[in-house]
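Now for the letters of each chain:
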Amino acid sequence: MKLQDVAKAIDGDILVGQDQLDLMVDRAFAADLLSDVLALTEERTALVTGMTNPQVMRVAEILNIIAVIFVRGKTPPDSLLEYARRLHIPVVTTRKTMFETCGLMYAGGARACRSKAVSDMGVDA
Amino acid sequence: MTYEVRAGDIEHGGSVSARIKTDLIEAGVSPSVARRAGIVSFEAEMNLIVYSTAGGTIAVAVESEFIVIRVEDRGPGIEDIKLAMTPGYSTAPDWATDLGFGAGMGLFNMKRNADRFEIESRVGEGTRIACWIQKDDSAGRPLHKEAQ
Amino acid sequence: MTVADVVDRLGLAVLTNESDLGREVTGGVASDLLSYVLGTGAPGQIWVTVQHHTNVVAVAQVAGLAAVLLADGRMPDEAARTRAASEGVILLQSDERAFDLAGRLYRLLAEPR
């Protein structure tokens, strides 16, 4: 689904990325724990999270995440939005919960990213 | 290049790693290798911030065959390394977990993204970690894949 | 909709308290932050998370959640499993990602009865 469709479905505001409304968001990953996100492998994935600390955008940069969706009414600080602008990573915020957001995006056709280091290679601990 | 990371400096967490990744790409390293190096560095950086008593350093070297990332801190040292490397095992304080850190995946993620991983630690002294990432990774992922 | 229905429709594994699957499910919550779920979790919800330690069980119990659904192939550690069994907390499990599980559960709950 397109970025603008995501925003519409979740009653969201596109704070960064008004110039990328047609960006395709087909894969998503929902997490609040950044270490978990770091196990994601290469794929064009959007991140759905409730955490708005600066590390989120740095992780997004390191992992080439295509868009960040902040749930639970969390508005990230201006410094984070500035950083997102420089990276050209769209940021959407919504009042909806993570559960609802996943549900609405799933209904719109988005699916979880397929590959992830831990589960693919087996957790052999 | 060697970067200093301060203990407790959550505000800047990840900034060193983002710079390392950018620097590596500018140095001509492939995007997927730079990404893996970024992940290794990020986990190391967050560990220094969340767990170290007095901060530490992250040094990145581009050698002929490998990117080498060395991490050193001044304490507290890891009592049981095997346990610490177990995915999901975490000793993160509440302030860290409230911010979404401390899932217990850090050392595990570092090892998974490196072609070679070495760690040594002494309680009361500190920890040293070295990661080698092969510059040529046409497979897009670590070349070794047997459990160690 | 009961926990048993959800287990059935989503293909979940049941790790503890199989006899309680008749519990009514009122909704879902997806979060890895225990303090958040403790504060906003409502009775009867199924909690989708990758957190798998004993505190998760405590939160589920205090909030009166219907069940905890461990995503991404996560398994509870020993302490969590034991606690869940003795405290009557249903632990469910799936190899699927939290995003998909939340998506499918949301869809399930939205079905007209």
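Just above, that's the structure.
Residues numbered from 1 in each chain as written. Chains lettered and ligands numbered in written order. Predicted model: local features only at pLDDT ≥ 70, side-chain atom pairs only at ≥ 80, totals over all residues.

A.B. asks: Where do I start with helix α5 (residues 98-107) of chain A in this structure?
C.D. replies: Note: α-helices contain 3.6 residues per turn, so residues at a spacing of three or four share the same orientation. Of all ten residues that make up α5 of chain A, nine are buried, and the element is covered over most of its length. The complete set of buried residues in α5 of chain A reads M98, F99, E100, T101, C102, G103, L104, M105 and Y106 of chain A. For α5 of chain A, the secondary structure elements touched by its buried residues are α1 (3-9), β2 (27-30), β3 (45-49) and β4 (67-70) of chain A together with β2 (27-30) and α5 (98-110) of chain C. (Buried ≥ 20, exposed ≤ 12 C-beta atoms within 10 Å, placed from the backbone. Helix = DSSP H or I, 4+ residues; strand = E, 2+ residues; numbered from the N terminus. Contact = placed C-beta atoms within 7 Å.)

A.B. asks: Sorry, what's going on with the sheet that holds strand β3 (residues 66-73) of chain B here?
C.D. replies: Working definition: the strands of a sheet are paired by backbone hydrogen bonds and lie parallel or antiparallel to each other. All names here are of chain B. Spatially, the five strands line up as an open sheet ordered β1-β2-β3-β5-β4, and their pairing is antiparallel. Since the sheet does not close on itself, it has two edges, and those belong to β1 (2-5) and β4 (116-122), each with one partner. Averaged over all neighbouring strand pairs, the angle between strand axes comes to 10 degrees, with direction disregarded. Direction of pairing for β4 relative to strand β5 (residues 126-134): antiparallel, over a ladder of seven bridges. When the sheet's bridge partners are listed, I119 is paired in β5 with I129. Each of β1, β2 (56-62), β3 and β5 is contacted by helix α2 (residues 31-51), which is oriented at about 0 degrees to β3, the strand it contacts most. (Pairing = 2+ DSSP bridges. Axes fitted to C-alpha atoms, helices over the stretch in contact; angles between N-to-C directions.)

A.B. asks: Would you explain unusual backbone geometry in this entry?
C.D. replies: Comment: phi is negative for the bulk of residues other than glycine, and the bulk of peptide bonds are trans. Residue G75 of chain B is joined to P76 of chain B through a cis peptide bond whose omega torsion reads 5 degrees. Position of P76 of chain B relative to the elements: it lies in the loop between β3 and α3 (81-84). One non-glycine residue, N64 of chain A, lies in positive phi territory at about 55 degrees. Inspection of the secondary structure assignment puts N64 of chain A in the loop between α3 (55-63) and β4. Positive phi, normally seen in glycine, also occurs at N17 of chain C, with a value near 55 degrees. Mapping N17 of chain C onto the fold places it in the loop between β1 (13-14) and β2. We classify N17 of chain C as partly exposed; it has 18 C-beta atoms within 10 Å.

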